[in-house]
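# Observations on the three-dimensional arrangement
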Amino acid sequence: MLVNDPQGKCVYIAPKEETALHTYKDWSARFGSILRSGQVVQLTGEVAPDLKLIGEAKIIVCTAKQWDVISRRWRQRRAVQAVTLFIADDLHFLGGNVGPVMEVIISRMRFISTQKQQKQESQLRMIGLSASLANAREVGEWMGVSSKGLFNFSPKVRPIPLEIYFHAFDQSNFASRLMAMGKPVYNAVMRHSDSKPSIIFVPSRRQAQLTAIDLMTYRQSIEGDTFLSKDVDADGIAKIASTLREPALQQVTTSGISFLHDGMMEDDWEAILGLYRDGAINVLVCPVDICWKVKIVSHLVVIMGTETFDGRERRYVDYPIADLLHMMGMASRQGIDSSGKCVIMCHTPKKEHLKKLLYDPLPIESHIDHYLHDHFNSEIVTKTISCMQDAVDYITWTLLYRRLSKNPNYYNLQGTSNVHLSEHISDMVETVLGDLEASKCCQLTDDGDVSPLNLGMIAAYYYVQYETIELIAASLTAKTKVRGILEILSHASEFSNLPIRQGEEKALKILARNLPQNLPESAQFQDPRTKALVLLHCHFSRKALSTDLRTDQKRVLCDSINLIPAIVDVISSNGWLKPALAAMELSQMVVQGLWNKDNILMQIPHFTKEIVQRCEAYEGEEPIESVFDILTLDDDVRNDLLRLPDEKMADVAVFCNNYPNIEVAFDVQDADDITASDPVQIAVTLEREVDDDDEDEIDESEMGKVAASLFPKEKREGWWIVVGDTKTNSLLSLKRVNLLRKQKAVLEFMAPDEPGDYNLTLFCMSDSYLGCDQEYSA
């Protein structure tokens, strides 16, 4: 593509973020030398920055969801139309949770391809990569692949041959079965991979630690030795092990074994992987949930059990087949081994079923029929679907349409004739559009015409599920406060698939008892939405959490910061001022990890309650009430108050320098000529104050980056400009802007019907920092 079509762009999509990240790192290294900086990019999931990235890029790496967000408005986005090579990886995930989104974007890119052909523009090539599929021909035809371009190999065909051994256990109790697997795991490592690298996958983080300790104990008691190679410097390993945070990890690492889990410190993670890649550690134990995150290979892979506990269903569920195939594929040291080995330890009744799944090609079925609502809503907003017939045509582009007649029983089809097919699709479309109309996302006329409504537009813009936007609209009132908005936020459908692990209900109950605010009486601790609420409360109260809960909390925070602007827009549509300001405060709380009643100095890194008390008790010329007051103190006074070492003082300085000092100016257009019911315009200018000394040194691309040590990913400042009447609790106009150095905005609203003098208030609200909001009387 780079040679034949220099103006084109390549898009690579993967179903999982971990796969996309590995590919981005690999391609950056490979293509970085022949392309300019910024031409190999990974999308972030935020629309505005991503549009800027793809405008400059030649190679774009992203997840299916990220490309769905960008490509929905493909008619207005030239960068999407410029794509000439589209690569979809791991197509066997079409049958999994992310399958509906993958199906939608591949169908969309196929449609864009035919549009480009009709206009005789540059061709769009589509490439799909997958595990061996039973119905590969149909998937290929759906993607527009000719028979000459379709290659479907047997599951036995691999870069190097893989020997698979099954070891079945009769114990019906899950814990007993895992205990029984301990010694056989050790025997498998000694028999198949003595002195060669091995990876052992276990169901949970706790089991990873236990298995590593068991292996170390067996080796020392049976062989009187460790797993360290003879040519490895044991003292060097011991020195590295002493820097690790976890005592159990230190102990096993010195024996040539180690374990990983998702909640480890980044330094420890890199240290362990470095030791494994260098051959210093021969056995690595990993929980199954990080199998996509670790990019390593081995001679032997042991899968210790094929089930894990699902707290939402309160039962043990099988690993997804895609995860099993991925774990098995890690036993592939190309150019080193003549064959890889995989030992699968499972419950006896599952053995034959697993054999069939792993030895035969995978059958792929579409699940998009259960997830059509949100995709229909987005297409209604972009005018792709404007009537019932458009919706039916939309379905004909999907894999679902090709599979309906091939497997009618799976899709509850009454027959395979064209009449049955068209009736089934029409019923499906009517049901989905009826649900969207009931949730006030779209309007349906008697003639079958469809038009978007305000809630539907908000849901599509923020990539929010239609059920969530319906819940938000139904739950909000003119008197809703921060606490009520927090409960509405936690009940979003986006949190319904948060994992509930074994024993977590008890841990959540203990956490809930010690929170400053009580949970609603209806709270059920096996409900993922209650878990989301508890994790948000813990974030604001800065409570210490277990490793697994901390991982879940990161996900809740990232989703929340996307949902809150949608809540603000719904409130704005109703014209309520106080709930809108409360939702904006909640956004600040999520980013900084504080309650809105806490002292705003607590958002400064390393500030404790003791430091804040010293600042409050300070009796200088001016009291210390804001972040700016910390900057104006003399160095010796500041050092005496904070009593922090130099490296922590550096973090404080970074935060204080990033803390926004915004000058707000506004002008009411034709203020003397405004009459009742006339449109009113207020021109607002926001300008960031920058020290004259730093003027030349400032990098504009760094401006607006939020300093938030407790927020899990990079964020840019956003500002809401609001005009409202505090007496009547009415919001008249709202605009959200991103600010680098200077930004202008015009707010427009209708003057009240009754003549008279009105005292309106202009609010400038941050979405990221507490204590920097401003209000002016207009």
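Heads up: the structure comes first, above all this text.
Model, not experiment: these values are computed from the prediction. (Residues numbered from 1 in each chain as written. Predicted model: local features only at pLDDT ≥ 70, side-chain atom pairs only at ≥ 80, totals over all residues. Heavy atoms only, no water.)

### Examining the overall build of the chain
Which entries qualify depends on this criterion: Comment: elements are numbered from the N terminus, with helices defined as DSSP H or I runs of at least four residues and strands as E runs of at least two. The size measure is the radius of gyration over C-alpha atoms, and the globule rule it meets is 2.2 Å times the number of residues to the 0.38 power. Classification of residues uses two cut-offs on accessible area relative to the type maximum, computed with a 1.4 Å probe and protein chains only: under 20% is buried, over 50% is exposed, and between them is partly exposed. By definition, residues are in contact when any of their heavy atoms lie within 4.5 Å. All accessibility values rest on the Shrake-Rupley procedure with a 1.4 Å probe; residue burial counts only the protein chains present in the view. Charged-residue counts in this description rest on Lys and Arg as positive and Asp and Glu as negative, His and the chain ends being excluded. By convention, the point assigned to a charge is CZ for Arg, NZ for Lys, CD for Glu and CG for Asp.
Of regular secondary structure, the chain possesses 28 helices and 22 strands. The C-alpha atoms of the chain give a radius of gyration of 29 Å, which matches the 28 Å a tight globule of 778 residues would have. Expressed as lengths along the three principal axes of its C-alpha atoms, the size of the chain is roughly 90 × 80 × 60 Å. Counting the 778 residues in the chain, one finds 50% classified as buried. Pairs at least 24 apart in sequence give 70% of the contacts found in the chain among residues at least 6 apart. Just so you have it, the chain exposes about 37,400 Å², and 47% of that area is on carbon and sulfur atoms. Between the mean site of the 81 positive side-chain charges and the mean site of the 109 negative ones, the chain shows a separation of 9 Å.

### Quick look at the sheet that holds strand β18 (residues 719–725)
Where we set the bar: Two strands are counted as paired when DSSP detects at least two bridges linking them. Only C-alpha atoms enter the line fits that serve as axes; for helices the fit covers just the stretch in contact. Angles between N-to-C directions range over 0 to 180 degrees.
Ordered by their spatial adjacency, four strands build an open sheet running β19-β18-β21-β22, and the pairing between neighbours is antiparallel. On the outer flanks of this sheet lie β19 (730–737) and β22 (774–777), each paired with one strand and no other. Averaged over all adjacent pairs, the angle separating strand axes in this sheet is 15°, with direction ignored. Relative to β22, strand β21 (residues 761–766) runs antiparallel, the two being bridged by four bridges. Residue pairing for β22: T761 is matched across the bridge by S777. In the packing of helix α23 (residues 547–574) onto the sheet, contacts are made with β18 and β19, and the angle to β19 comes to roughly 145°. Against the sheet, helix α24 (residues 577–592) contacts β18, β19 and β21, and its axis sits at roughly 20° relative to β21.

### So, the packing of aromatic side chains
Convention followed: Only centres within 6.5 Å qualify two rings of Phe, Tyr or Trp (six-membered ring in Trp) as a pair; their planes then separate them into stacked at under 30 degrees, edge-to-face at over 60, and tilted for everything else. In this scheme, Lys NZ or Arg CZ marks a charge over a ring once it lies within 6 Å of the ring centre and within 35 degrees of the ring normal.
Applying the stated criterion across every chain, the model contains 19 aromatic pairs. Relative to Y359, the ring of F166 has its centre 6.3 Å away and its plane inclined at 85°; by these criteria the two rings are edge-to-face. Here Y359 lies in helix α13 (residues 351–359) and F166 lies in strand β6 (residues 162–169), a separation of 193 residues in the sequence. Residue classification places F166 among the buried positions, given a relative accessible area of 16%. Seen in terms of ring centroids, F540 and W595 are 5.1 Å apart; in terms of plane orientation they differ by 65°. Their pairing is edge-to-face. Pair noted here: F540 is in helix α22 (residues 528–541) and W595 is in the loop between α24 and α25 (609–617), with a separation of 55 residues, a long-range link. Ring pairing ties together the aromatic residues F628, F655, Y659 and Y769, which thus form one cluster. Between the NZ or CZ atom of R191 and the centre of the ring of Y165, over which it lies, the distance is 5.9 Å.

### Side note on the nonpolar core
Inclusion rule: Residues enter a nonpolar core if they are buried and are Ala, Val, Leu, Ile, Met, Phe, Trp, Tyr or Cys, with the set joined through side-chain atoms within 4.5 Å.
Residues F376, I469, F607 and L686 are the most contacted members of the largest nonpolar core, which totals 130 residues. For this core, the element with the highest residue contribution is α23, accounting for eleven residues. Apart from residues lying up to four places away in sequence, F376 is in contact with I385, A391, Y394, I395, V429, V432, L433 and L436. The next biggest cluster of nonpolar side chains, apart from the first, holds 106 residues, and it includes V189, L215, L273 and L275.

### Some remarks on the sheet that holds strand β5 (residues 125–128)
Spatially, five strands are ordered β2-β3-β1-β4-β5 in an open sheet, and the strand pairing comes out parallel. Among the strands making up the open sheet, the edge pair consists of β2 (40–42) and β5. Put simply, the sheet's adjacent strands are angled 15° from each other on average, direction ignored. In this sheet, β5 lies alongside strand β4 (residues 83–88) in parallel orientation, the contact comprising four bridges. Along β5, the bridge assignment pairs A88 with G128.

### Some thoughts on helix α7 (residues 174–193)
Each α-helix turn comprises 3.6 residues. Residues three or four places apart therefore point the same way. Note the following rule: Working rule for helices: expected span equals 1.5 Å times residues minus one. Pairs of N or O atoms within 3.5 Å make up the polar contacts considered here, provided that, within protein, one atom can donate a hydrogen while the other can accept it, and that residues adjacent in sequence are counted only when both atoms are side-chain atoms.
Helix length check: α7 (20 residues) gives 27 Å between terminal C-alpha atoms against 28 Å at 1.5 Å per residue, within 8%. The residue sitting at the N-terminus of α7 and contributing the capping side-chain oxygen is N173; that oxygen lies 3.0 Å from the backbone nitrogen of A175.

### Considering the environment of T253
Relative to the helices and strands, T253 resides in helix α10 (residues 247–253). Owing to a relative accessible area of 0%, T253 belongs among the buried residues under this scheme. Sequence separation of T253 and W720 is 467 residues, and the distance between their C-alpha atoms is 51 Å. Not counting residues within four places of it along the chain, the set of residues in contact with T253 comprises I237, A241, L244, S258, I272, L275 and I281. At 2.6 Å, the side chain of T253 and the backbone oxygen of L249 are in polar contact.

### Here we look at the pairing of strand β9 (residues 283–287)
A large share of β9 lies buried, amounting to five of its five residues. Residues V283, V285 and P287 of β9 are buried on one face, and the alternating residues L284 and C286, pointing to the opposite face, are buried as well. Relative to β9, strand β7 (residues 198–202) runs parallel, the two sharing five bridges. Of the residues in β9, the one forming a bridge with S198 is V283. Relative to β9, strand β8 (residues 257–259) runs parallel, the two sharing three bridges. Paired with S258 across the strands is L284, a residue of β9.

### Focus: the side chain of S766
By the secondary structure assignment, S766 is in strand β21. A distance of 3.0 Å separates a polar side-chain atom of S766 from the backbone nitrogen of Y769. Setting aside its immediate chain neighbours within four residues, S766 contacts M584, Q588, G718, W719, W720, C772 and D773.

### Concerning the packing of helix α12 (residues 321–329) against α13
Just so we agree on the cut-off: Small angles under 35 degrees read as roughly parallel and large ones over 145 as roughly antiparallel, with 65 to 115 read as roughly perpendicular and the rest as oblique. Throughout, the ten residues Ala, Val, Leu, Ile, Met, Phe, Trp, Tyr, Cys and Pro are labelled nonpolar, Asp, Glu, Lys and Arg are labelled charged, and all others, Gly among them, are labelled polar.
Contact pair α12 / α13: the axes reach a minimum separation of 11 Å and the direction vectors enclose 70°. Compared by their axis directions, α12 and α13 come out roughly perpendicular. Each of I321, L324, L325 and M328 in α12 lies in contact with α13, whose residues at this interface are L354, L357 and L358. Residues belonging to the contact of α12 with α13 are distributed by class as follows: seven nonpolar, no polar and no charged.

### Side note on the environment of A512
Here A512 shows up in helix α21 (residues 504–513). Spatially, the C-alpha atoms of A512 and A88 are 43 Å apart, while their sequence positions differ by 424 residues. What A512 contacts, discounting residues up to four positions off in sequence, is L519 and F525.

### Here's the deal with unusual backbone geometry
You will see that D90, though not glycine, has its phi angle at about 55°, which is positive. Here D90 lies in the loop between β4 and α5 (99–118). Its identity as a non-glycine residue notwithstanding, H606 has a phi of 70°, on the positive side. On the secondary structure map, H606 appears in the loop between α24 and α25. Exposure remark for H606: the relative accessible area of 32% places this residue in the partly exposed category.

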